[in-house]
Amino acid sequence: MAAAQAIVNMVDSQEGEASSSKSLVERLKETPKKIIDFMMATTKNYLSHMLAIVKSYWPQHNLAPVALGIAADCSDQDFLGYCKETEQIAEEILKNLAQ
């Protein structure tokens, strides 16, 4: 029971009156969605930051096609190579964000 309470408290601080009126089981059932919502918001912030960095170097480029995913003419092998190639850059960007 204490472990369940600790997990719920991490994602739901009971600041709102609605949370405080709910049972532990009700709050525990809501926990996965709250974790996913947090992850989505965090991912959106990082992606927005990354795209803004790219746009700062190439402001004339239309980044809208990026939302469609990998280019149709990019092979899986090429894409995996690009992922590997950009890992170090991603690490540097994360370091800069943490500062």
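Residues numbered from 1 in each chain as written. Predicted model: local features only at pLDDT ≥ 70, side-chain atom pairs only at ≥ 80, totals over all residues. Heavy atoms only, no water.

### Points about the overall build of the protein
Okay, so step 1: Scanning the protein for helices and strands turns up 4 helices and 0 strands.
Okay, so step 2: Beginning at the N terminus, the succession of helices and strands in the protein can be written as α-α-α-α.
Okay, so step 3: In terms of overall dimensions, the protein has a C-alpha envelope of 50 × 30 × 25 Å along the principal axes.
Okay, so step 4: Looking at the protein as a whole, 9% of its 99 residues qualify as buried.
Okay, so step 5: The long-range share in the protein, meaning contacts at least 24 apart out of those at least 6 apart in sequence, stands at 24%.
Okay, so step 6: Counting every atom, the protein has about 8300 Å² of accessible surface; 63% of that belongs to carbon and sulfur.
Okay, so step 7: If you average the places of the 9 positive and of the 13 negative side-chain charges in the protein, the two averages end up 7 Å apart. (Helix = DSSP H or I, 4+ residues; strand = E, 2+ residues; numbered from the N terminus. Buried < 20%, exposed > 50% of the residue type's maximum accessible area, 1.4 Å probe, protein only. Contact = heavy atoms within 4.5 Å. Areas by Shrake-Rupley, 256 points an atom, 1.4 Å probe, with all protein chains shown as cover. Lys, Arg positive; Asp, Glu negative; His and termini not counted. Charge placed at Lys NZ, Arg CZ, Asp CG, Glu CD.)

### As for the environment of T86
Okay, so step 1: Along the polypeptide, T86 turns up in helix α4 (residues 76-98).
Okay, so step 2: The sequence separation of T86 and L47 amounts to 39 residues, and the corresponding C-alpha distance is 15 Å.
Okay, so step 3: Among the polar contacts made by the side chain of T86, one reaches the main-chain carbonyl oxygen of Y82 at a distance of 3.0 Å. (Polar contact = N/O pair within 3.5 Å; in protein donor to acceptor, adjacent residues only side chain to side chain.)

### Quick notes on helix α3 (residues 24-57)
Okay, so step 1: The first and last C-alpha atoms of α3 sit 49 Å apart over 34 residues, in line with the 50 Å expected at 1.5 Å per residue.
Okay, so step 2: For α3, the principal kink sits at T31 and spans about 35°; a proline, P32, occurs within the next four residues.
Okay, so step 3: All of the buried residues in α3 are L24, R27 and T31. (Expected span 1.5 Å × (residues − 1). Bend = angle between axes of the 7 residues up to and from the residue.)

### Quick notes on the packing of aromatic side chains
Okay, so step 1: Under the defined criterion, the tally for this structure stands at 1 aromatic pair.
Okay, so step 2: The interplanar angle of 45° and the centroid separation of 5.8 Å between the aromatic rings of Y57 and W58 together place this pair among those described as tilted.
Okay, so step 3: According to the relative accessible area criterion, W58 is partly exposed, its value standing at 45%. (Phe/Tyr/Trp six-rings, centres within 6.5 Å; stacked < 30°, edge-to-face > 60°.)

### A closer look at the state of the cysteines
Okay, so step 1: Scanning all chains against the criterion turns up 0 disulfides.
Okay, so step 2: Summary of cysteine pairing: C74 is not part of a disulfide, and the nearest cysteine sulfur, belonging to C83, is at 8.7 Å.
Okay, so step 3: By relative accessible area, C74 is classed as buried at 19%.
Okay, so step 4: Looking at C83, the relative accessible area reads 31%, which means it is partly exposed. (Disulfide = S-S within 2.5 Å.)

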